[in-house]
Amino acid sequence: MQVNANNLSDLPELIYLIHDKFFDLDQTQFDSKKKELKLFLGTNSKGPFNQELVVKDVVDYHVHDSERIGIYGMNVISIKESKKMIYIKAEPFLKIVINAGQNYEIIVDEIS
């Protein structure tokens, strides 16, 4: 499943796919050359993390992590299109703020 500026109407379906999935914040990967941010998702907090959420055309990102517990439950993704900002919220109290480029994409896929 993929969402970008041209198909924002698919965002609710993407949120449905990731809602309540777990991820380990320490496994988050950012490749500055590819401009990609990856989170690895799973149905169990101990893994396996067999899906990946990839955000492409990432300029930079910031993590607001007041709990510092490592494993979080995915809650919602929102996009402020006018500023090319993507917000990922997870429970409890985690927020990832992504400054995206014009050609951003959000992709959820199975890991083989």
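Note that the structure is a prediction, hence the values are computed from the model and not measured.

Visitor: I'm lost on the pattern of salt bridges in this one. Help?
Guide: Two side chains bearing opposite charge may form a pair once their charged atoms approach each other closely. Summed over the entire model, instances satisfying the criterion amount to four salt bridges. A salt bridge links Lys 56 to Glu 36, with the shortest nitrogen-to-oxygen separation between them at 3.8 Å. Pair noted here: Lys 56 is in strand S5 (residues 51–65) and Glu 36 is in strand S4 (residues 36–42), with a separation of 20 residues, a long-range link. Given the relative accessible area of 29%, Lys 56 is considered partly exposed. Salt-bridge contacts for Glu 52 lead to Lys 38; the nearest nitrogen and oxygen are separated by 3.9 Å. Pair noted here: Glu 52 is in strand S5 and Lys 38 is in strand S4, with a separation of 14 residues, a long-range link. Accessibility expressed as a relative area gives 19% for Glu 52, which makes it buried.

Visitor: Can you walk me through the pairing of S5 in this structure?
Guide: Two faces make up the sheet, and in a regular strand the side chains alternate between them. Examined bridge by bridge, S4 and S5 share six bridges and lie antiparallel to one another. Within the sheet, the bridge partner assigned to Lys 38 lies in S5 and is Val 54. When S5 meets strand S8 (residues 94–110), the two strands line up antiparallel, connected through 13 bridges. The residue bridging Val 63 from the neighbouring strand is Ile 96, located in S8.

Visitor: Would you mind showing me how to read the nonpolar core here?
Guide: As a rule of thumb, soluble globular proteins bury nonpolar side chains together. Ranked by size, the top nonpolar core spans 26 residues in total, and within it Phe 23, Leu 53 and Ile 77 carry the most contacts. Taken together, the elements giving at least two residues each to this core come down to helix H1 (11–18), S4, S5, strand S6 (71–80), strand S7 (85–91) and S8. Among the elements that line this core, the one with the most residues is S8, at seven residues. Not counting residues within four places of it along the chain, the set of residues in contact with Leu 53 comprises Leu 37, Lys 38, Leu 39, Leu 41, Met 74, Ile 77, Ile 88, Ile 106, Ile 107 and Val 108.

Visitor: Looking at this structure, I do not really get unusual backbone geometry. What am I missing?
Guide: When glycine is set aside, most residues are seen to have a negative phi, and most peptide bonds are trans. That bond from Gly 47 to Pro 48 is cis: its omega, 0 degrees, falls within 30 degrees of zero. By the secondary structure assignment, Pro 48 is in the loop between S4 and S5. Of note, the bond from Glu 91 into Pro 92 is cis; its omega dihedral lies within 30 degrees of zero at -5 degrees. Residue Phe 93 is not a glycine yet carries a positive backbone phi of 55 degrees. Note that Phe 93 resides in the loop between S7 and S8. The exposure class of Phe 93 is exposed, given its relative accessible area of 58%.

Visitor: What should I look at first to understand the packing of aromatic side chains in this one?
Guide: Under the definition given, this model contains two aromatic pairs. Taking 6.2 Å as the distance between ring centres and 35 degrees as the angle between the ring planes, the aromatic pair formed by Phe 23 and Tyr 72 counts as tilted. Residue Phe 23 is found in strand S2 (residues 22–24), and its partner Tyr 72 is found in strand S6; the two are separated by 49 residues along the sequence. Of the two residues examined, Phe 23 and Tyr 72, each falls in the buried class.

What counts, and where the lines are drawn
Residues numbered from 1 in each chain as written. Predicted model: local features only at pLDDT ≥ 70, side-chain atom pairs only at ≥ 80, totals over all residues. Heavy atoms only, no water. Salt bridge = Lys/Arg side-chain N within 4 Å of Asp/Glu carboxyl O. Helix = DSSP H or I, 4+ residues; strand = E, 2+ residues; numbered from the N terminus. Buried < 20%, exposed > 50% of the residue type's maximum accessible area, 1.4 Å probe, protein only. Pairing = 2+ DSSP bridges. Core = buried A, V, L, I, M, F, W, Y, C linked by side-chain atoms within 4.5 Å. Contact = heavy atoms within 4.5 Å. Phe/Tyr/Trp six-rings, centres within 6.5 Å; stacked < 30°, edge-to-face > 60°.

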